[in-house]
Amino acid sequence: MATVVTHSNRRSHAACLAGMHADRKRVFVDTLHWELPVVDGLYEVDEYDTDDAIYLIVQDAAHGDHLGSVRIVPTTGPHLLGDKFAFLCEGPVPTGLDVWEITRLCTAPGLPRETAARVRERLALALVEYALVAGIGRYTMMTHMALLAGVLATGWDCEPLGMPADVNGDMVVALLVTINPATLAKLRSQWSFSQPVLRLDLNESRLAA
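Residues numbered from 1 in each chain as written. Predicted model: local features only at pLDDT ≥ 70, side-chain atom pairs only at ≥ 80, totals over all residues. Heavy atoms only, no water.

S.K.: How should I be thinking about the packing of aromatic side chains in this particular structure?
M.R.: Given two aromatic rings, their pairing is described by the distance between the two centres and the angle made by the two planes. Under the criterion given, the structure shown has two aromatic pairs. For the pair phenylalanine 85 and phenylalanine 87, a centre-to-centre distance of 5.9 Å together with 50° between the ring planes defines the contact as tilted. What makes phenylalanine 85 buried here is its relative accessible area of 19%. Here arginine 104 stacks its cationic end above the ring of phenylalanine 28, 5.6 Å away from the centre of that ring. (Phe/Tyr/Trp six-rings, centres within 6.5 Å; stacked < 30°, edge-to-face > 60°. Buried < 20%, exposed > 50% of the residue type's maximum accessible area, 1.4 Å probe, protein only. Lys NZ or Arg CZ within 6 Å of the ring centre and 35° of its normal.)

Here is the structure:
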């Protein structure tokens, strides 16, 4: 399962969020050497981890530990592609109420390869399921060219927003991902998921509004 964590229910998921930020630091700062802000020497937290950010988190069923997560933010406000990487788009950066940005997809360091792959599958499904519930028609995202084949292999309906460009020594491309019910059916079939992966408490989420 994947849990939806919004501003309204973060307090009840504080421990898992701390694990997420710690794993993000281990992955993005310690391993990939991205120059990102670190809080208390332990947690990667940036200016987009705001009340508007929503996290989809896969947890260990026995202990609730963070296994993997992804952050999505509305493009109607500050977001990474629009603020810092608009040069990756040949035209205007896609924005709108139905367009959200995917960033900080992360799996916990040290997971066995097969487990990490299964976590990523759950996160991909959770992104589609959440989009269909929340009225999100498109996601924007950036990926390194070395990872593009893996992104395309998910079966998402992706199109490049521009030509790849050098970002700190790596070639990076911006993508637009279109979401519809057929996307969900395709992913569930190829990964043999017959049930939803998203755990959504409408009493806690802003979708209840």
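Let's pick the thread back up.
S.K.: Looking at this structure, how should I read unusual backbone geometry?
M.R.: In this structure, arginine 104 takes a positive phi of about 55° despite not being glycine. Structurally, arginine 104 is set in strand E6 (residues 99-107). Within the chain, asparagine 168 stands out as a residue other than glycine whose phi angle is a positive 55°. The residue asparagine 168 is located in the loop between strand E9 (165-167) and strand E10 (170-178) in this model. (Helix = DSSP H or I, 4+ residues; strand = E, 2+ residues; numbered from the N terminus.)

S.K.: Teacher, can you tell me more about the layout of surface pockets here?
M.R.: Take a probe with the size of a water molecule and roll it over the atoms, and the empty space left behind shows itself. Approximately 1600 Å³ is the volume found for the largest pocket. Around the largest pocket, the lining comprises 47 residues; the ones closest to its centre are Phe28, Trp34, Leu105, His144 and Leu147. Within the residue set of the lining of the largest pocket, elements represented by two or more residues are helix H1 (14-31), helix H2 (80-84), E6, helix H3 (113-134), strand E7 (138-144), helix H4 (145-153) and E10. Broken down by element, the lining of the largest pocket gets its largest block of residues, seven residues, from H3. Of the residues that constitute the lining of the largest pocket, the class distribution is 29 nonpolar, ten polar and eight charged. (1 Å grid on protein atoms, 1.4 Å probe; cavity = no way out; pocket = protein on both sides within 12 Å on 5 of 7 lines; lining within 4 Å. Points joined across faces, edges and corners; volume = space filled by probe spheres on them. Nonpolar A, V, L, I, M, F, W, Y, C, P; charged D, E, K, R; others polar.)

S.K.: What exactly am I supposed to notice about the nonpolar core here?
M.R.: Considering soluble globular proteins, one finds that nonpolar side chains tend to be buried as a cluster. Among the nonpolar cores identified, the biggest contains 36 residues, and Leu56, Ile72, Ile102, Leu127, Tyr130, Tyr139 and Trp156 are the most heavily contacted of them. In terms of residue count, the dominant contributor to this core is H3 (nine residues). Apart from the residues lying within four places of it in its own chain, the contact partners of isoleucine 102 are Val70, Arg71, Ile72, Leu127, Tyr139, Thr140, Met141 and Trp156. Grouped together as the second largest cluster of nonpolar side chains are 13 residues, Leu88, Leu161, Val167 and Ala174 included. (Core = buried A, V, L, I, M, F, W, Y, C linked by side-chain atoms within 4.5 Å. Contact = heavy atoms within 4.5 Å.)

S.K.: Looking at this structure, how should I read the pattern of salt bridges?
M.R.: Throughout the structure, instances matching the rule amount to twelve salt bridges. For the salt bridge of aspartate 23 with arginine 26, the shortest nitrogen-to-oxygen distance reads 2.3 Å. In this pair, aspartate 23 and arginine 26 are both assigned in helix H1, three residues apart and thus about one turn of the helix distant. Looking at aspartate 23, the relative accessible area reads 5%, which means it is buried. Judged by relative accessible area, which is 40%, arginine 26 ranks as partly exposed. The salt bridge involving arginine 71 is made with aspartate 46; its shortest N-O contact spans 2.7 Å. Of this pair, arginine 71 sits in strand E5 (residues 66-74) while aspartate 46 sits in the loop between strand E3 (43-44) and strand E4 (54-59); the two residues are 25 residues apart in sequence, bridging distant segments of the chain. By relative accessible area, which is 1% here, arginine 71 ends up buried. Since its relative accessible area comes to 9%, aspartate 46 is described here as buried. If you follow the salt bridges from partner to partner, you end up with Arg24, Glu44, Asp46, Asp49, Arg71 and Arg104 in one network. (Salt bridge = Lys/Arg side-chain N within 4 Å of Asp/Glu carboxyl O.)

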